[in-house]
Amino acid sequence: MLIPTQIKSLRQYFYPCLGGILGGISVSTNFWLIFMPISLFILWKGSERRIANFWWGFFFILISHSWLYDLHPLTWLGFSWLSSLIIAISILLFCAFLGGILVYLWGLLVESILWKEDVFKMKILPLSVKVFFLSLTWGIGELILSQTPFFWIGLGESLIPGDIYLAGLARWIGASGLCVLQILIGFWIFFSHGRWRRKLYFKKIFLLGLLVIFFLHLFGGLITPIKRNYEYPVAIWQTNIPTREKLKIDDEFIKEKQSIAQKYALSNKAKLLVAPEGTLPNNFYLDKSSRVNMLAGGFRNSNNELRSSLLGFQIADKSFTSFIDKNRLVPLGEKIPRFLDSFSSGLSAVGGIQPGSASRFFDPKFTPPLAVAICYEISDGLKIRKAINNGAKLIITAANLDPYPAKLYNQLLSLARLRSIENKTDNLLVSNTGPSGLVQNDGKIIQLLDLNVEQNKIVFPNFSSEKTLYTKFGDKPILLLFIFLMGLNFFWKIN
């Protein structure tokens, strides 16, 4: 029989684990509206206990990134079944551990800034400054992480499709701002609950918070009707070729498939055909000249280095005449650290590849200028924003998510939709097994193909030169606010 002290100790572990699990489940799902506020409430409730912060972060990543387990089995790459299982679980646990450490470090900051006095009896101004500063710290932390290869999706992008109206605020504040808002909402629930438990007056704070959240949704959802045009038909080719089978497929098979896709594009008067990441093998050329302008994911050699690229074929071309290389490479999956070179060339069908230019701006000349994200790169909003500032009028996201489950498809779609909202720019998606389709510049899905089937479809993207507040200024306002609040905290600390 458990004694009260043991029950209390178990609760200290159970609730942060539960909070992380609920948060992980809610990422890029309709559960966000219920689970994420509860998760962030639990995060704040345990924020003064270091181990609680670690377990919240650990389970948040463990659940939200559980698709990493689907790397297994890697037997087709020469690993034994047991080795493959160990590799997949080790990668997932490492990512979860790293997430736990990061939230643990954030908790140390919370402890040093907020928990030195009774939070529920602090004056509203210093309390607000401290909480805003801590929330901004998390948001800027995600921003910094998004510039590294060790980031896929965070709180900022997680609320689509769960709350598309709140996500609409990304036009002004971007993903980092949305992250800060979510942390603040979690604190508001925690603070209201804490005052209620202590029989302190809480109704005004609770009702004011509800009112603010209502207006934020109203403001995020207020947009003028979007006029669609049908002047530029684009054919998308969802190839549905399992990654595990690509090693067995010869060039003739791909040539036959792309010929069928070109015929479909021509019969529908498409001005462009787009194929997903990794469709064309290295040194690929057409037997007959291309009959339609085409952008196809494939591989190319540069200075004896293999690159994963989006290759441009103009009408009458037999080989590509323009390209943009993938810059952000998946750790282990596409690029191995030098000290592990002897271990493997990468956990992928093509082995190790090298990164290209950091710029995501691509002007193949036979289309309007584009912002291109090759798979993993869609998580880097800063580079997409920069490409649009440089003149890109459409985002193209080319991906290959096989053999991963629907959880990863939904997360890619969430990221793609947020990039559209941030920059008020259509996003054309084409993936090997899905998702493929067209996202409108307000993040709403116009068309989406069925998953895991080969399919050709015509979509009609809008090309836009209009820029949002976020596109123009990016995260500068948030960084300036962070510096200002850091100064205020320092001033109060020494006085």
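Now for a description of the structure that goes with this document. Values in this document were obtained by computation on a predicted structure and should not be read as measured data.

Here six strands make up an open sheet; going across it, the order is E5-E4-E3-E2-E1-E12 and the pairing mixed. The open sheet is flanked by strand E5 (322–325) and strand E12 (455–459), the only strands paired with a single partner. The sheet shows a mean angle of 30° between the axes of neighbouring strands, taken without regard to direction. Two elements, strand E1 (residues 234–238) and E12, share five bridges in a ladder whose sense is antiparallel. Opposite Val234, over in E12, you have Val459 as the bridge partner. Lying on the sheet, helix H10 (residues 251–267) is in contact with E1, strand E2 (272–280), strand E3 (294–302) and E12; it crosses E1 at an angle near 150°.

At their nearest, the axes of helix H5 (residues 124–145) and helix H8 (residues 170–197) sit 8 Å apart, and the two run at 140° to each other. With respect to each other, H5 and H8 are oriented oblique. Our pair here, H5 against H8, has a crossing hand that is right-handed. Between H5 and H8, the contacting residues are Leu127, Val131, Phe132, Ser135, Leu136, Trp138, Gly139, Glu142 and Leu143 on the first element and Ser176, Cys179, Val180, Ile183, Leu184, Phe187 and Phe191 on the second. Broken down by class, the residue content of the contact of H5 with H8 amounts to twelve nonpolar, three polar and one charged.

Take Asp251: it is sitting in helix H10. Residue classification places Asp251 among the partly exposed positions, given a relative accessible area of 29%. Between the C-alpha atoms of Asp251 and Phe284, which are 33 residues apart in sequence, the distance is 7.4 Å. The residues contacting Asp251, other than those within four sequence positions of it, are Pro281 and Phe284.

Before going further, it helps to spend a moment on the pattern of salt bridges. What the rule picks out here adds up to 17 salt bridges. Of the charged contacts in the structure, one is a salt bridge between Glu277 and Lys326, with a shortest N-O distance of 2.8 Å. With a gap of 49 residues between them, Glu277 in strand E2 and Lys326 in the loop between E5 and strand E6 (361–362) connect regions that are remote in the sequence. Residue classification places Glu277 among the buried residues on the basis of a relative accessible area of 8%. Linking Asp325 and Arg307 is a salt bridge whose minimum nitrogen-to-oxygen distance equals 3.3 Å. With Asp325 in strand E5 and Arg307 in strand E4 (residues 305–313), this pair connects stretches of sequence that are 18 residues apart.

This brings us to the environment of Glu245. Structurally, Glu245 can be placed in the loop between E1 and H10. Spatially, the C-alpha atom of Glu245 lies 9.0 Å from that of Trp76, the residues being 169 residues apart in sequence.

Among the surface-exposed residues, Leu208, Leu211, Val212, Phe214, Phe215, Leu218, Phe219 and Leu222 lie close enough to one another that they form a single nonpolar patch of about 790 Å² accessible area. Note on placement: Leu222 falls in the loop between helix H9 (203–221) and E1. Judged by its relative accessible area of 56%, Leu222 is exposed.

Among the nonpolar cores identified, the biggest contains 91 residues, and Trp44, Leu114, Trp138, Trp152 and Phe187 are the most heavily contacted of them. Counting residues per element, this core draws most heavily on H8, at 13 residues. Beyond its immediate stretch of four places on either side in the chain, Phe187 contacts Trp44, Leu114, Val119, Leu127 and Val131. Core analysis: the next-biggest nonpolar cluster, separate from the first, contains 21 residues, Ile236, Phe362, Val430 and Leu438 among them.

Okay, the packing of helix H11 (residues 381–389) against helix H12 (residues 406–423) next. At a closest axis distance of 10 Å, the pairing of H11 and H12 adopts a crossing angle of 45°. Our classification of the angle between H11 and H12 gives oblique. In the crossing of H11 with H12, the sense of the turn from one axis to the other is right-handed. From H11, Gly381, Ile384, Arg385 and Ile388 reach across to H12, where they touch Arg419, Glu422 and Asn423. Per-class residue counts for the contact of H11 with H12 are two nonpolar, two polar and three charged.

Turning our eyes to something else, we now look at the sheet that holds strand E9 (residues 427–431). What the six strands build is an open sheet, ordered E6-E7-E8-E9-E10-E11; its pairing is mixed. Since the sheet does not close on itself, it has two edges, and those belong to E6 and strand E11 (445–448), each with one partner. Summarising the sheet, strand E8 (residues 394–399) and E9 pair through five bridges and their orientation is parallel. Bridged to Ile396 within E9 is Leu428. Contacting E6, strand E7 (370–374) and E8, H11 runs over the sheet at an angle of about 160° to E7. Packing against the sheet, H12 makes contact with E8, E9, strand E10 (437–439) and E11, and its axis sits at approximately 160° to E9.

About the criteria used
Residues numbered from 1 in each chain as written. Predicted model: local features only at pLDDT ≥ 70, side-chain atom pairs only at ≥ 80, totals over all residues. Heavy atoms only, no water. Pairing = 2+ DSSP bridges. Helix = DSSP H or I, 4+ residues; strand = E, 2+ residues; numbered from the N terminus. Axes fitted to C-alpha atoms, helices over the stretch in contact; angles between N-to-C directions. Contact = heavy atoms within 4.5 Å. Parallel < 35°, antiparallel > 145°, perpendicular 65-115°, else oblique. Left-handed = near helix turned anticlockwise from the far one by under 90°. Nonpolar A, V, L, I, M, F, W, Y, C, P; charged D, E, K, R; others polar. Buried < 20%, exposed > 50% of the residue type's maximum accessible area, 1.4 Å probe, protein only. Salt bridge = Lys/Arg side-chain N within 4 Å of Asp/Glu carboxyl O. Patch = residues over 30% accessible without salt bridge, like charges linked within 9 Å, V, L, I, M, F, W, Y side chains within 5 Å. Areas by Shrake-Rupley, 256 points an atom, 1.4 Å probe, with all protein chains shown as cover. Core = buried A, V, L, I, M, F, W, Y, C linked by side-chain atoms within 4.5 Å.

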